[in-house]
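Residue-level structure breakdown
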Amino acid sequence: MKAYLTAAILCLAPVLGHAGTQAASTAPEPESKEPPVRIGEIDFFGYAGLDIKRVRAALPIHQDQELSPSALSEAKANIQEAVQQVTGHPVTDIAGVCCDGNGHSMLYIGLAGRSSKAISFNPPPSGSIRLPETAIKLYESVMDAWSKAVQSGANGEDRSKGYSLLNDPDTRAKQLAMRDYTLQHQALVLEVLESSANSQDRAAAAEMLGYADQSQQQIDALVHASRDPDAGVRNNVVRALLVLAGSGEKTAALIPAAPFVDMLNSGSWLDRNKAGGLLLELTKSRDPKLLAELRSRALPSLFEMAQWQETGHAYEYRFILGRIAGLEEGQIEKLSRQNDQGKALVAAVRQALRPKAAPPEAK
C-alpha cells in the first residue's frame, strides 16, 4: 500500500529513508531518471537549550543546494551523525516537505532539546480486522488525486460540511465516493481504526471516518486515535479533527484541546504540524483556560515554530501566539503574513507578555 499523503503537505520520507537498508549489489545501478531536488528552507524544532547556530553550521547539506535522488537518500544518515556530534543526542525527526514558494523542498529537523517531549501513545492494536481491497483502492485514489491537485496548486478546499472537499473536480468526486463508502460501512471503519494491527489500514480508516456524519461517537473515536503509535495514523486523525473544528463553533467545542497542546512539543514534525492546525481552529474562541494552558505548556515550541522561514508553515503558530498575547485578529494577520521569519510578530508577543511594571506609589 502507498504511504499516506496529506492535503497541504507532500512528505519526502521515501526519498530521505534510512541509507543502507537494501542488500548490496555488484551490478551497476541504472542512472536515475528523476530530476534533482533543490533544498529550500532548512529549519529546526525542539531545540531549547541547544546551540542552533552550531547545529546548522555542522549540517552536511545547505539551503539552495541541488541534490540527486541518490544523494538525498544518504542525507538522513549524514544529518543524524552531524547532529549527534554537536548535541550529543540523535535527531527526533527529519521531515522532507514539498514545496516552498519557489517549488523547492524544505527540511524540518527535530532536535532533543528542552522543548521536545515524548508523548504517551496507545498500545499497538493487535486485531486481525482489515479494510477490504476496494476500500483501500478508494482511499489511495483519493490520496493520489489530492497529491496531484496540491502539486498543481489546485489545493483550495471547502470544509464547511465538516469534511474536506477540494475545488479540484477529480479529487472532489473521489472524496464524495469515499464519503458514500463511509456512510455505508461506518461500523467497519470505526472497528478498523480502533483495533486493526495494520497501521496502513488504520490510516485509511482515520481518513474515512472524517467523512462520516458528524457525531460525538465520530469525535470520540478520532480523539482516542490521536494517540495511535503510528505517525501516519495520527496525521490523518488530527487533520480530520481540524477540518471538523473548522466547520463551526459548536463542533469545535466538542473537541478537547488538551491532548493536542502536548503534541506541539512532539519530536515528530507531523504531530506539530497537525496539532498547530487544529489549535488554530480551537483558539478562535479565545477560551482563557486554553490560552493559559498553551502559554504554560507550549510557549517555547510555539516561538520556535513561529520563526520558521516558510510563512505558510509558521502561520498557525504565529496566530496562536498572537491570541495568547491578546493581540487583535487583524494585527495578528498582518504580522503573521510578513515575510520576516516572524520577527515582528514575535516581538509584539514578547512585548505583550512582558510583566507590567507596578505603578508608582502615590505620595
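Residues numbered from 1 in each chain as written. Predicted model: local features only at pLDDT ≥ 70, side-chain atom pairs only at ≥ 80, totals over all residues. Heavy atoms only, no water.

1. Focus on the overall build of the chain
Applied cut-off: Each helix corresponds to a stretch of at least 4 residues labelled H or I by DSSP, and each strand to a stretch of at least 2 residues labelled E; elements are numbered beginning at the N terminus. Throughout, exposure labels follow a simple rule: accessible area from a 1.4 Å probe, protein chains only, divided by the maximum for the residue type, with under 20% read as buried, over 50% as exposed, and the rest as partly exposed. Any two residues having at least one pair of non-hydrogen atoms within 4.5 Å are treated as being in contact. For the area figures, the Shrake-Rupley method with a 1.4 Å probe applies, and any residue is considered shielded solely by the protein chains shown.
Along the backbone of the chain there are 15 helices and 7 strands. Of all 363 residues assigned to the chain, the portion counted as buried reaches 50%. Long-range pairs, those at least 24 residues apart, make up 71% of the contacts in the chain with a sequence separation of at least 6. Summing over all exposed atoms, the chain offers an accessible surface of approximately 17400 Å²; the carbon and sulfur share of this is 51%.

2. Quick look at the pairing of strand β5 (residues 105-110)
Short version of the rule: Pairing between strands is defined by DSSP: at least two bridges between them are needed.
With 6 of 6 residues buried, β5 is to be regarded as a mostly interior element. Of the two faces of β5, the one carrying Ser105, Leu107 and Ile109 and the one carrying Met106, Tyr108 and Gly110 are both buried. Where strand β2 (residues 37-45) lies against β5, 5 bridges are found, and the strand directions are parallel. Across the sheet, the residue bridging to isoleucine 42 is leucine 107, located in β5. Relative to β5, strand β4 (residues 93-98) is paired through 6 bridges, and the arrangement is antiparallel. When the sheet's bridge partners are listed, aspartate 93 is paired in β5 with glycine 110.

3. Quick notes on the pattern of salt bridges
Counted only if it meets this: When a carboxyl oxygen of Asp or Glu is within 4 Å of a side-chain nitrogen of Lys or Arg, the pair counts as a salt bridge.
Enumeration according to the criterion identifies 17 salt bridges in this entry. Glutamate 333 is the partner of arginine 337 in a salt bridge, and the nearest nitrogen-oxygen pair spans 3.0 Å. Overall, glutamate 333 belongs to the partly exposed group, its relative accessible area being 29%. Because the salt bridges share partners, they merge into one network encompassing Arg227, Asp262, Glu293 and Arg297.

4. So, the packing of helix α5 (residues 186-195) against helix α6 (residues 199-209)
Heads up, the condition is: Note on method: axes are straight lines fitted to C-alpha atoms, helices fitted across the in-contact stretch only, with angles between N-to-C directions ranging 0 to 180 degrees. Here roughly perpendicular refers to angles of 65 to 115 degrees, roughly parallel to angles under 35, roughly antiparallel to angles over 145, and oblique to all remaining angles. Here a crossing is taken to be left-handed if its near helix is turned anticlockwise relative to the far helix by less than a right angle, and right-handed if that turn runs clockwise. Any residue that is not Ala, Val, Leu, Ile, Met, Phe, Trp, Tyr, Cys, Pro, Asp, Glu, Lys or Arg is counted as polar, Gly included; the first ten are nonpolar and the last four charged.
Look at α5 against α6: their axes get within 8 Å of each other, and the N-to-C directions meet at 135°. Between α5 and α6, the crossing angle belongs to the class labelled oblique. α6 is crossed by α5, and the crossing has left-handed handedness. For the pair α5 and α6, the contacting residues are Val189, Leu190, Val192 and Leu193 in the first and Asp201, Arg202, Ala205, Ala206, Met208 and Leu209 in the second. Considering only residue class, the contact of α5 with α6 consists of 8 nonpolar, no polar and 2 charged.

5. Examining the nonpolar core
Burial of nonpolar side chains together is a common tendency in soluble globular proteins. We count it as follows: Side-chain atoms within 4.5 Å are what join buried Ala, Val, Leu, Ile, Met, Phe, Trp, Tyr and Cys residues into a set we call a nonpolar core.
Membership of the largest hydrophobic core comes to 87 residues, with the highest contact counts inside it found for Leu241 and Leu279. Setting aside its immediate chain neighbours within four residues, leucine 241 contacts Ile219, Leu222, Val223, Ile255, Phe260 and Leu278. If you look at the next biggest cluster of nonpolar residues, it comprises 18 residues, including Ile39, Phe44, Leu67 and Leu111.

6. Here we look at the packing of α5 against helix α7 (residues 216-225)
The axes of two packed helices give the description: the angle between them and the distance between them. Packing of α5 against α7 leaves a shortest axis separation of 10 Å and a crossing angle of 20°. Classed by the angle they form, the pair α5 and α7 counts as roughly parallel. Crossing hand, α5 versus α7: left-handed. Where α5 abuts α7, its residues Gln186, Leu190 and Leu193 lie against Gln217, Ala221, Leu222 and Ala225. By residue class, the composition of the contact of α5 with α7 is 5 nonpolar, 2 polar and no charged.

7. Section: the pairing of β2
Within β2, 8 of the 9 residues are buried, which leaves it mostly tucked inside the rest of the structure. In terms of strand pairing, β2 meets strand β3 (residues 66-67) through 2 bridges, oriented antiparallel. Within the sheet, the bridge partner assigned to arginine 38 lies in β3 and is glutamate 66.

8. Things to note about helix α13 (residues 311-324)
Stated precisely, the cut-off is as follows: Under the convention used throughout, the expected extent of a helix is 1.5 Å for every residue step, that is, one less than its residue count.
If you check α13, its first and last C-alpha atoms are 19 Å apart, about what 14 residues at 1.5 Å a residue would give, namely 20 Å. Burial analysis of α13 places 13 of its 14 residues in the buried class, which makes it a mostly covered element.

9. Brief notes about unusual backbone geometry
Negative phi values dominate among residues other than glycine, just as trans dominates among peptide bonds. For arginine 286, which is not glycine, the phi dihedral falls at a positive 55°. Within the secondary structure, arginine 286 sits in the loop between α11 (269-282) and α12 (288-306). If you check the backbone angles, glutamine 341 has positive phi at about 60° while not being a glycine. In this fold, glutamine 341 is placed in the loop between α14 (329-336) and α15 (343-353).

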